[in-house]
Amino acid sequence: MNAPNIDPGVNNDVTQQILLVTGDAGMTRKIRQLLTPQYTLLCTNTITEGIEMAHQYHPDLILCDAIVQDATGYQFLITLRNDTVLKPIPFILFSRPNMQANMRKGMNLGADDYLVAPFTGEELLKSIHSRISRFHHIRDTPNYTRERVAVLEVSTLAINDRLSKTEAKILSMIARGMSSRDIASYKCISVRTVDNHRHNITKKLQLSGPNALVKFAIGYAGAMR
């Protein structure tokens, strides 16, 4: 493998590392300007090297082009989600201008977000911050290993016995940080319908208190990972 392309202007002691996988030099340049020096940016233009770098550096997030020269971002995502070590890493897919995007495919495969070009720098930063914050919250929770097992046992039973397939899918979307509006747009239903589903899920899982559903969804996603 070639020496990793780590942005030379970045302090490599920064804890939050982002692995960028794209063969588009212009996109790499724009993203580097946007993300540094806030994040340490690791760059590669192949999926093969991206997998190797993910194992070597364990980045806080992977930002991947949907189409790369040696494979697709979807194939990278499948590999990642089937790897017990790399599976928890947040994964954001993005499309480039004049490139057909398949958001539904990406989200169904387990992407945490899918940014469809043209997207703004603000949208990218917001998505990255949200996913990394959620990842660190789950990872750094005290007694996470013990709680992870407990949540998995309880929530899996609850999901299988109490929720419909649609409700389970919406719960997974909530865990990824999608708002009711995001879910409604993705599933082509009204926001009111999504809110009704959220209410029913909360009731079926016997949750109470502010943000109880979001907290449960995050814990369930963390346990499943």
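To keep things clear, this report deals only with the structure shown in the data block. (Residues numbered from 1 in each chain as written. Predicted model: local features only at pLDDT ≥ 70, side-chain atom pairs only at ≥ 80, totals over all residues. Heavy atoms only, no water.)

This paragraph deals with the environment of Ile201. Here Ile201 shows up in helix H9 (residues 191-204). With relative accessibility at 0%, the residue Ile201 sits in the buried group. C-alpha of Ile201 to C-alpha of Glu167: the two residues are 34 residues apart in sequence and 6.6 Å apart in space. (Helix = DSSP H or I, 4+ residues; strand = E, 2+ residues; numbered from the N terminus. Buried < 20%, exposed > 50% of the residue type's maximum accessible area, 1.4 Å probe, protein only.)

Glancing now at the pattern of salt bridges. As enumerated under the stated definition, the model contains three salt bridges in all. The salt bridge involving Asp113 is made with Arg131; its shortest N-O contact spans 3.7 Å. Highlighted residues: Asp113 in strand E8 (residues 113-115) and Arg131 in helix H5 (residues 121-139), separated in sequence by 18 residues. Each member of the pair Asp113 and Arg131 is classed as buried. (Salt bridge = Lys/Arg side-chain N within 4 Å of Asp/Glu carboxyl O.)

Attention now moves to the packing of helix H8 (residues 180-187) against H9. Interaxial distance between H8 and H9 falls to 8 Å at its minimum, and their mutual angle equals 115°. It follows that H8 is roughly perpendicular to H9 by the angle criterion. The element H8 and its partner H9 pack so that their crossing is right-handed. Here Ser180, Arg181, Ile183 and Ala184 of H8 come into contact with H9, specifically with Val191, Val194, Asp195 and Arg198. Looking at the contact of H8 with H9 residue by residue, the classes come out as four nonpolar, one polar and three charged. (Axes fitted to C-alpha atoms, helices over the stretch in contact; angles between N-to-C directions. Parallel < 35°, antiparallel > 145°, perpendicular 65-115°, else oblique. Left-handed = near helix turned anticlockwise from the far one by under 90°. Contact = heavy atoms within 4.5 Å. Nonpolar A, V, L, I, M, F, W, Y, C, P; charged D, E, K, R; others polar.)

The side chains of a regular strand alternate between both faces of the sheet. Of the two faces of strand E7 (residues 91-94), the one carrying Phe91 and Leu93 and the one carrying Ile92 and Phe94 are both buried. As paired strands, strand E4 (residues 61-65) and E7 are joined by four bridges and run parallel to one another. Along E7, the bridge assignment pairs Asp65 with Phe94. Pairing geometry for E7 and E8, over three bridges, is parallel. Counted as the bridge partner of Ile92 is Asp113 from E8. (Pairing = 2+ DSSP bridges.)

This paragraph deals with the packing of helix H2 (residues 47-57) against helix H3 (residues 73-81). It is the contact of H2 with H3, at a shortest axis distance of 10 Å, that shows an interaxial angle of 30°. With respect to H3, the element H2 is oriented roughly parallel. As H2 runs across H3, the sense of the crossing is right-handed. Facing H2, whose interface residues are Ile47, Gly50 and Ile51, H3 presents Gly73, Phe76 and Thr79.

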